[in-house]
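If you want the building blocks of each chain, they are given just below.
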Amino acid sequence: MSAVTEAPVIKLTKKDFESDQDIRWCPGCGDYSILATVQRTLPEFSLNKEKYVFVSGIGCSSRFPYYMNTYGFHTIHGRAPAIATGIKIANPDLNVWVVSGDGDSLSIGGNHFIHVLRRNLDLKYLLFNNRIYGLTKGQYSPTSEHGKVTKSSPMGSLEHSFNPIAVALGTGATFVARAMDRDPKNMQEVIRAAHNHRGTAFVEIYQNCNIFNDGAFESLTDKETKLENTLLLEHGKPLVFGKARNKGIHLKGFKPEAVNLDEGKYSVSDLLVHDMSVNDPTLAFIYSQMTEDPGLPTPIGVFRAITRGCYDQDMRTQIAFAKDRLGAGNITSLLNKGDTWVVE
Amino acid sequence: MSAVTEAPVIKLTKKDFESDQDIRWCPGCGDYSILATVQRTLPEFSLNKEKYVFVSGIGCSSRFPYYMNTYGFHTIHGRAPAIATGIKIANPDLNVWVVSGDGDSLSIGGNHFIHVLRRNLDLKYLLFNNRIYGLTKGQYSPTSEHGKVTKSSPMGSLEHSFNPIAVALGTGATFVARAMDRDPKNMQEVIRAAHNHRGTAFVEIYQNCNIFNDGAFESLTDKETKLENTLLLEHGKPLVFGKARNKGIHLKGFKPEAVNLDEGKYSVSDLLVHDMSVNDPTLAFIYSQMTEDPGLPTPIGVFRAITRGCYDQDMRTQIAFAKDRLGAGNITSLLNKGDTWVVE
Amino acid sequence: MASDAVKTLDEVTIRFAGDSGDGMQLVGTELTNTSALFGNDVGTLPDYPAEIRAPIGTLAGVSGFQLHIGSFDIHTPGDEVDVLVAMNPAALKANIKALKPNGVLIVNAESFDEKGLKLAALTSNPLEDGSVDAYQTFKVQMSSHTKAALKETGLDFREMERSKNFFALGMIYWLFNRPMETTIKFLQDKFAKKPKLAEANILALRAGHSYCDATEAFVNSYEVNPAKLPPGKYRNLGGNEATALGLIAASQKSGLELFLGSYPITPASDILHTLAKYKNFGVKTFQAEDEIAAVAAAIGASFAGDLAITSTSGPGLCLKSEAINLAVMAELPLIIIDVQRAGPSTGLPTKTEQADLLQAMYGRNGESPVPIIAASRPGDCFETAYEASRIAVKYMTPVLLMTDGYIGNGAEPWLIPDSDSLPEFTAKFATNKEGFAPYARDQKTLARPWVIPGTPGMEHRIGGLEKKNIEGTVNYEPDNHDYMCRIRAAKIANIVNDIPPIEIFGPESGELLIVGWGGTYGAIRTAVERCQKKKMKVSRLHLHWINPFPKDFGDILRKFKYVLVPEVNLGQLVKLIRAEYLVDAHGLSKITGQPFTAGEIETKIAEILSAKK
Amino acid sequence: MASDAVKTLDEVTIRFAGDSGDGMQLVGTELTNTSALFGNDVGTLPDYPAEIRAPIGTLAGVSGFQLHIGSFDIHTPGDEVDVLVAMNPAALKANIKALKPNGVLIVNAESFDEKGLKLAALTSNPLEDGSVDAYQTFKVQMSSHTKAALKETGLDFREMERSKNFFALGMIYWLFNRPMETTIKFLQDKFAKKPKLAEANILALRAGHSYCDATEAFVNSYEVNPAKLPPGKYRNLGGNEATALGLIAASQKSGLELFLGSYPITPASDILHTLAKYKNFGVKTFQAEDEIAAVAAAIGASFAGDLAITSTSGPGLCLKSEAINLAVMAELPLIIIDVQRAGPSTGLPTKTEQADLLQAMYGRNGESPVPIIAASRPGDCFETAYEASRIAVKYMTPVLLMTDGYIGNGAEPWLIPDSDSLPEFTAKFATNKEGFAPYARDQKTLARPWVIPGTPGMEHRIGGLEKKNIEGTVNYEPDNHDYMCRIRAAKIANIVNDIPPIEIFGPESGELLIVGWGGTYGAIRTAVERCQKKKMKVSRLHLHWINPFPKDFGDILRKFKYVLVPEVNLGQLVKLIRAEYLVDAHGLSKITGQPFTAGEIETKIAEILSAKK
Ligand SMILES: Cc1ncc(C[n+]2csc(CCOP(=O)(O)OP(=O)(O)O)c2C)c(N)n1
Ligand SMILES: Cc1ncc(C[n+]2csc(CCOP(=O)(O)OP(=O)(O)O)c2C)c(N)n1
Ligand code: SF4
Ligand code: SF4
Ligand SMILES: [Mg+2]
Ligand SMILES: [Mg+2]
């Protein structure tokens, strides 16, 4: 039932997306910058506020919906993707965003995470990865590094961390990207691309938790080292990086290598050219493995964006088809179906 | 507490591993062949029966432990990897095998599945993939093909299937392999390799459910077509396949291509040589994607087998280290720790 | 059908038993439909093995279908069996205890060979060792007769053998003077694409019938006259299907779109299967990755404005409990269906039980009141599902709808309601911005407004943290939490105003009151009516709503000297009654995975009343 | 410390309140330790915000720590506050209501500037508008004094500012004539690697002390003499830590290795954190991916022969319910710890409640009996955890151990037991093949044998399907299921033989009995003792075991005219009592996220007794 009458599209500003609730993150938390970037970017999309639903689980990051002056649902730990799935199937016209943490999505919520990506519902998924459980005061998370000392691992964690992008690619995700709290410009572009994608758009956002895991991404965000250690993926462009833009990524077989463009051996034409739209996820998987190799820069931007049927749209189509073929159902015919007899 | 005294190793036969319980699978079910192969292979390992624990979830496949004359635990739906984790941590000397179905592992159990692979406990994981829910009488599963018509999808399923091997690789699994119910010879080799691996050894086994999904793997197991449609991965060997062994896999960039060795353009030396021990999971990921391309054969055998710390062993080491450093704890010192005072 | 010795019976109970590959459920269902169409009242009890296909011929593989046919309003699948059809030794062994002394036993004699006896773990042949002397035994070479009848079809022997269930059905049709047309038509439809199979089964059916005619095997045949059921149009309806139809009716009537989030589980899966067929009613079925995702998606759909359902059985209800609590806090409509099965844990998945009641009532952290409604018969699942939906939306609350494997898998003739006669059910989304607050409450129902995303100007946030009264923002104030816990409880207690007074069958006060809920309905009713006929002083009532209890429940209870609560558990409703009313109610427990028989309750009634004397 | 005006007090309640960044928990804990070491009895109540770091200076960010110091055996953190330290306007605003009329109020006056008032949403300055006239108010420039004292340290102003909590503590040490050595030593240890910080805090502590000396701000100082506690060696112990120690003691005593499977959740995480530190005791802590994996791994560890534990709070208990049921069916020892918090759903995660009791009792499908034991004080968590472990192993059953945020986070002086005085606890794995059957039962305990994998010749399979009595194979027989349900229930009921008779405090029969469980202990005891001193006719008892109830419980209840059950929920234990004994017990409910004060219960007692007259 749609009791809702469409309102004309209104031109909005960042302020329109700010709710009246006091923000409850620690001063200095990376979550602030993500919130501001989202609030700054949404007005570009020419959609009224009422069309947005922000759905989160539990964690510091998951308080996000309270600060957005849109519809919002702060649900339970790990279940945001499943709840968002129901929202989107019920009403595919809504613009649904999931906001979650590394614990929320990859620990307790791991199953819903992999399934929402598989089903490719048309929703946006922001995973704030601070590599720690923030809200419960600092235990290691599935993205914490091996050997990490925390309250629950006083002698160092025995676990090997997930590579969230590789996990997503393993499930067949159609859109996979990475952004960083300290790089709002790239974040904004990634959010735009995610919005424009039809299907589940997964964005890993590196986020600093200055209380329990300060500096986890420092080498990637620090002004001095940032350009040497990150690689911006731009569709159709060769993979160049470095402060002096004198380095690039060359593919040797399926192995990416960082090469120096100044030394004469390699030129830009030898570099891998980024193509986010190849159907085969292998290229994106190769990018994902670059973070495992200390000799290679960490890619940011959109790794992969391909088109495939969306569950919610396909469901709509199937229902329309059924109505078309069988006629829209009505109670009387429903109740009187099959063999009947009359008692007088 | 180890109340158990070690018994001398006894030479066993297949019969020793057969329990006295009546087997409750449908006649013709692929599960029989897997059971027989496991029972036939275990005696090779020079381990007494009491050292084995088979742990399963719920599903037709999960009845497996009842038929093994070893220790066994038929647990609840989806939780076998978590329960096996506890068994292995509690007693790393046990030889722990998880047996599960595509629904049990990839649907309800997805979270434990990805985490056991990440933690790399030293256990063996057999996933019977019949691409259907057998026990609940035939609903589509996360590995069922898009569009599949079942009781719960009368107009065809809207879901895209998981590629279990790709999911496993995305999590960082250290051992990944595939076998087929109708190819007991390869299955036996794979089981051997899994047994010998230190870490979580994941084996996907294609299994025919002749009641609810008959023929799902027919083109791979049928005598006529089998050799054209499958590719046996052998460590250190070039990837040759085909009835006449006249075809092979050549890697063009990161793209595998099937080439004909008779046509003169390619020779065996142009073929990709299988190496299961490369640390980078990309090669195995490339294999995993071959099933998505109808022009390529389906790889079977061991995709990847690398060494990395095992959670259970590392835990043991950490405890030993703590005892070494702090001395084994005792109650009195424990109770009297910290600031104390005496009331007289 | 020459016999003029047609005896008229008031009621008869027939059980088909065979290997699970023998098609017993199919012929049982055919006899049910034929009898229902003929105008009898019917009650059924399918009983199939846990395995998909257990080894042929073994005890584990026995599948049974029991059918009670009456010329009056009957309420159970029958206590004792009058006619048992046993297709093999294992089926005989597993079912013979249920057959009445001197009952009719029809066996497929050919299956009692050495192999068959061994598979059934029998050391001697019961057809020869005196085991069946107490019955009217008919040993029929069903396999051979069937093959003979089918010899022209061109089928091979194994295929022919498959039709012997219809040979058996043909015999029963002869024995009870039933018309064969319905079944013939059914077979033609079912095998429209495999006409050979249709033909074979029809031939077998006719052969069984003719066999009786020709051999005059039976001295008598019987008839069971049509029942004097309330006038109207009927169909045969199974419990799970009725639940699905009730939900669709609620959706159609309210104008809310229906969303089901579910994960398959025995014996609830058929609700998913049935709803999945009704896409043309706009029904959205989502087969989730697990029970948590199933209920979570339903909560999302409810937030977005759908009539949201999740269906499961006991183990699944465990998994849903955390999310149900979110719906309690968020105050969103949601219907959770628990088709109970025997527990604890995986238990006996294909057997029935009523042991999830206290879980439904209390199985969530914190003070988490959820209304509970229970269906009592297959057909009644329809109105119960409809009512659960209506209350969920009216009071903005999750509602637990309890059925069980017995009524879910059972079927009965169902008086088709006129769609206009269904209770009024309007759903309204709030759209008025003026003075809107997400946790402001309706004065009468205490429900908060349902504002769905997409509504301009009413953007708001909800969630699982405690909410400030009216404003609905996150709030940690001590008094607010106390207030909100109490108002949530009051809202559910308040549903009592929607519950009609209890109907008491029998005297309004006196010696003995039987209180029932759910699937014990038929057995209790039959037992009490039998006792009342014998002039015993016993009354009964059956609860539809368990939380809240109806207003007049306490007063009624106190008017009886003895209150007995039969339950297929170890005493759950009885605990709630005792705690609430301090009435010394007694439980009668049976927890065998089987429903009560009327006889069991009758015996207990007699025992209590005679002890009282 | 020249003042000769030292007044002696029996007891005093002090509350520190400030921003969550102000280190109130730290100085509160220091005062607790110092007082405990000094020989006082102490009771504590930390109260921190839900946010990690709420915006500085706001109401949401206020963190409090209340401490009750007594020269006698005290049982609560105190009802009303005698001395309040408020570090900023928000802290004053949030806490002033708790301060007794004419109580001592010490404020950091500098924080009451325009910005501070605005952050606290105050429109006028309470130090000037008469709001604090009813108290002995001391306005101290704590920030400036601290900075002055630290000027030589080379720290910058912001760093110096951080030490002002120790300045405040120094003042309190002066006011109550406490020695400073313990705290100085603590600081030296804590900041062993950052000696500058140690020095700064010590300087601030001394400065606060000297400030009082120098300014003669206070007319009097006070002393609270050591309490006459039972003789022995004491330490200060928090509830969650006590739970962890009890488990380790059980492990050491039984020779079973300890396994904890847990997923972090407030307020239970500290059990995980504490156990993780004890690797040298062979403790294996497994931080799982979720609560289901946590309990599942514990079940696996139990199967493999470990003393297996899982710890959580309400929402986590929901998620564990399906797996707990597996342990019920598999009959494996398992301890499930629920540190209860305010629900339903996410509720108020940092606040206390007792509302998971009925969930613990009934929150699983089918008939699933699980024993329940509840701790009542922080120190008592030790013996409760030990006892839970002992019973789990002895009876081969999961046991639910209930604590709550109040006692879990609270601390008290704890009489260190002699390890030999701990109850006998031997664990034995069955190793004898002769006549072994996995579901054969011990005649006395009804426990099945614990045979661990690795034991030669005893290979067997268990699982969640119903098991055949004795053999333990999968079994679908109706009577077997009935029997097994009843024997599982009987086994748990049988634990009653391990439960000592109830201790009644006060007359053994009469007017009014107060029945408590869990964290209401201190408030009830204090209230009842006060009333008894006033010669009121009231008795009390406190339940340790809730399932099963002690044998003599029913008889005791029936000896009183009025039974009152105070609970931090809407009435849960009271329901169990009413259903079991048909006694008209009444609930006293408080559900504000805060524990009862003794005064609240005292008032209710007086009310009941005066109404009775
Ligand atoms: C069922 C359940 N289990 C555990 C918790 C406790 N909990 C809340 S948030 C959280 C982890 C948060 O980590 P993450 O998702 O990384 O979010 P962050 O706080 O770091 O943003 C946990 C364990 C809970 N609220 N519910
Ligand atoms: C909590 C819970 N939910 C649902 C079920 C019902 N169930 C049992 S097995 C199964 C799926 C089986 O599929 P799969 O794992 O592929 O095993 P198969 O039978 O195909 O071998 C389901 C849904 C259950 N037993 N427990
Ligand atoms: S704890 Fe960390 S993640 Fe959470 S709000 Fe504070 S800085 Fe941010
Ligand atoms: S249903 Fe399928 S998977 Fe299950 S036992 Fe039968 S054939 Fe095997
Ligand atoms: Mg995090
Ligand atoms: Mg399967």
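Read on for a plain summary of the structure. (Residues numbered from 1 in each chain as written. Chains lettered and ligands numbered in written order. Predicted model: local features only at pLDDT ≥ 70, side-chain atom pairs only at ≥ 80, totals over all residues. Heavy atoms only, no water.)

### Description of the overall build of chain A
A count of helices and strands for chain A gives 11 helices and 12 strands. Projected onto its principal axes, the C-alpha positions of chain A cover 95 × 45 × 45 Å. Counted over contacts in chain A with a minimum sequence separation of 6, partners at least 24 positions apart contribute 66%. Total accessible area on chain A stands at roughly 11,900 Å², and carbon and sulfur atoms take up 50% of it. Between the mean site of the 37 positive side-chain charges and the mean site of the 37 negative ones, chain A shows a separation of 2 Å. (Helix = DSSP H or I, 4+ residues; strand = E, 2+ residues; numbered from the N terminus. Contact = heavy atoms within 4.5 Å. Areas by Shrake-Rupley, 256 points an atom, 1.4 Å probe, with all protein chains shown as cover. Lys, Arg positive; Asp, Glu negative; His and termini not counted. Charge placed at Lys NZ, Arg CZ, Asp CG, Glu CD.)

### Topic: the site of ligand 1
Around ligand 1 lies a shell of 23 residues, among which Cys60(A), Ser61(A), Asp102(A), Asp104(A) and Glu291(D) are the nearest. When isolated, ligand 1 has an accessible area of 590 Å², and the protein chains bury 98% of it. Those elements that place two or more of their residues in the shell around ligand 1 are helix 3 (102-108) of chain A together with helix 12 (314-330) of chain D. Looking at which element gives the most residues to the shell around ligand 1, the answer is helix 3 of chain A, with four residues. The residue makeup of the shell around ligand 1, split by class, is 11 nonpolar, eight polar and four charged. (Near = heavy atom within 4 Å. Nonpolar A, V, L, I, M, F, W, Y, C, P; charged D, E, K, R; others polar.)

### Some words on the coordination of the magnesium ion (ligand 5)
All names here are of chain A. Coordination of the magnesium ion (ligand 5) by the protein is provided by Asp-102 (OD), Asn-130 (OD1) and Ile-132 (O), with metal-donor distances spanning 2.0 to 2.2 Å. Donor residues for the magnesium ion (ligand 5) sit on one chain with the sequence pattern D-x27-N-x1-I. Residue Asp-102 is found in helix 3, and its partner Ile-132 is found in the loop between strand 4 (124-129) and helix 5 (164-170); the two are separated by 30 residues along the sequence. (Donors = N, O, S within 2.8 Å, 3.2 Å for Na, K, Ca; no water.)

### Here's the deal with the pairing of strand 3 (residues 41-47) of chain C
Residue and element names in this part refer to chain C. Taking burial as the measure, the seven residues of strand 3 include six buried ones, the bulk of the element. Note: strand 3 against strand 4 (residues 62-70), seven bridges, orientation antiparallel. From the neighbouring strand, Leu-45 faces strand 4, where its bridge partner is Gln-66. (Buried < 20%, exposed > 50% of the residue type's maximum accessible area, 1.4 Å probe, protein only. Pairing = 2+ DSSP bridges.)

### Quick notes on helix 9 (residues 239-254) of chain D
Residues and elements named next belong to chain D. Here helix 9 is 16 residues long and its end C-alpha atoms lie 22 Å apart, about the 22 Å a rise of 1.5 Å per residue gives. Counting buried positions over the 16 residues of helix 9 gives 13, a clear majority of the element. Of the residues trailing helix 9, Gly-255 is marked for its positive phi of about 80 degrees. (Expected span 1.5 Å × (residues − 1).)

### Focus on helix 4 (residues 142-149) of chain C
Residue and element names in this part refer to chain C. Residues Met-142, Ser-143 and Thr-146 constitute the buried set of helix 4. Along the axis of helix 4, the buried residues cluster in a sector spanning 95 degrees; they form a single face. On its buried side, helix 4 packs onto strand 5 (81-86), strand 6 (99-108), strand 7 (136-140), helix 5 (157-161), helix 6 (164-175) and helix 8 (195-215). (Arc of directions from axis to C-beta.)

### With respect to the interface of chain D and chain B
With 79 residues of chain D at the contact, the number on the chain B side is 62 residues. At the boundary of chain D with chain B, total buried surface from both sides reaches about 5,800 Å², with 65% on carbon and sulfur atoms. In this structure, the connection of chain D to chain B is made through one salt bridge. Here Glu289(D) ties to Arg119(B) by a salt bridge, and the two come within 2.8 Å at their closest N and O atoms. Taken together, the links from chain D to chain B amount to 26 residue pairs in polar contact (both at pLDDT 80 or more). Elements represented by at least two residues in the side of chain D that touches chain B include exactly helix 1 (24-38), strand 9 (232-238), helix 9, strand 11 (284-287), helix 11 (291-303), helix 12, strand 16 (411-415) and strand 17 (461-463) of chain D. At eight residues, helix 11 of chain D tops the list of elements feeding residues into the side of chain D that touches chain B. (Buried area = accessible area lost by both parts, 1.4 Å probe. Salt bridge = Lys/Arg side-chain N within 4 Å of Asp/Glu carboxyl O. Polar contact = N/O pair within 3.5 Å; in protein donor to acceptor, adjacent residues only side chain to side chain.)

### Comments concerning the site of ligand 4
In the vicinity of ligand 4, the contacting residues are Trp25(B), Cys26(B), Cys29(B), Cys60(B), Asn130(B), Gln207(B), Cys209(B), Asn210(B), Ile211(B), Phe212(B) and Ile52(C). At the site occupied by ligand 4, the surrounding residues belong to chains B and C. Looking at the shell around ligand 4 residue by residue, the class counts come to eight nonpolar, three polar and no charged.

### So, the coordination of the magnesium ion (ligand 6)
Each donor-metal-donor angle in an ideal tetrahedron of four donors is 109.5 degrees, and each such angle in an ideal octahedron of six donors is either 90 or 180 degrees. The coordination sphere of the magnesium ion (ligand 6), as far as protein atoms go, consists of Asp102(B) (OD), Asn130(B) (OD1) and Ile132(B) (O), spread over 2.0 to 2.2 Å. For Asn130(B), a relative accessible area of 6% gives the class buried.

### Here's the deal with the pattern of salt bridges
Counted according to the given criterion, the structure contains 86 salt bridges over all chains. Put simply, Lys590(D) and Glu600(D) hold a salt bridge, and the shortest N to O gap is 2.9 Å. Here the residue Lys590(D) occupies a position in the loop between strand 22 (586-589) and helix 20 (598-612), and Glu600(D) occupies one in helix 20, the gap between them amounting to 10 residues. Among the ionic contacts, a cluster of salt bridges with common partners joins Arg118(A), Arg119(A), Glu159(B) and Glu289(C).

### What about the sheet that holds strand 14 (residues 372-374) of chain C?
Strand-to-strand pairing in sheets goes through backbone hydrogen bonds, with the strands running parallel or antiparallel. Residue and element names in this part refer to chain C. With mixed pairing, the seven strands of this open sheet are ordered in space as 11-10-12-13-15-14-20. The open sheet has two edge strands with one neighbour each: strand 11 (284-287) and strand 20 (545-547). The mean inter-strand angle of the sheet, taken between neighbouring strand axes irrespective of direction, is 20 degrees. Bridge count for strand 14 against strand 20 is two bridges, and the pairing is antiparallel. The residue bridging Ile-372 from the neighbouring strand is Asn-547, located in strand 20. Contacts from helix 11 (residues 291-303) reach strand 10 (258-262), strand 11, strand 12 (307-312) and strand 13 (334-340) within the one sheet, and its direction differs from that of strand 12 by about 165 degrees. (Axes fitted to C-alpha atoms, helices over the stretch in contact; angles between N-to-C directions.)

### A word on the packing of helix 19 (residues 573-581) of chain C against helix 19 (residues 573-581) of chain D
Interaxial distance between helix 19 of chain C and helix 19 of chain D falls to 7 Å at its minimum, and their mutual angle equals 100 degrees. If you check the angle between helix 19 of chain C and helix 19 of chain D, you find them roughly perpendicular. Of the residues in helix 19 of chain D, those touching helix 19 of chain C at Lys575(C), Arg578(C), Ala579(C) and Glu580(C) are Lys575(D), Arg578(D), Ala579(D) and Glu580(D). Of the residues assigned to the contact of helix 19 of chain C with helix 19 of chain D, the class counts are two nonpolar, no polar and six charged. (Parallel < 35°, antiparallel > 145°, perpendicular 65-115°, else oblique.)

### Observations concerning the packing of aromatic side chains
Counted by the stated rule, this structure contains 58 aromatic pairs over all chains. A ring pair is formed by Trp25(B) and Phe64(B), whose centres lie 6.5 Å apart and whose planes are at 45 degrees; its orientation type is tilted. Highlighted residues: Trp25(B) in the segment before helix 1 (31-41) and Phe64(B) in the loop between strand 1 (52-56) and strand 2 (71-74), separated in sequence by 39 residues. Taken individually, Trp25(B) and Phe64(B) each receive the classification buried, so the pair is uniform in this respect. Here a set of aromatic residues connected by ring pairs shows up, and it is made of Trp25(A), Tyr32(A), Phe54(A), Phe64(A), Tyr67(A), Trp97(A) and Phe128(A). The ring of Tyr48(C) has Lys137(B) lying over it, and the distance from NZ or CZ to the ring centre is 4.7 Å. One residue, Arg448(D), lies across the ring of Tyr439(D), its end atom 4.8 Å from the ring centre. (Phe/Tyr/Trp six-rings, centres within 6.5 Å; stacked < 30°, edge-to-face > 60°. Lys NZ or Arg CZ within 6 Å of the ring centre and 35° of its normal.)

Everything listed here is a matter of geometry and, on its own, says nothing about what the molecule does.
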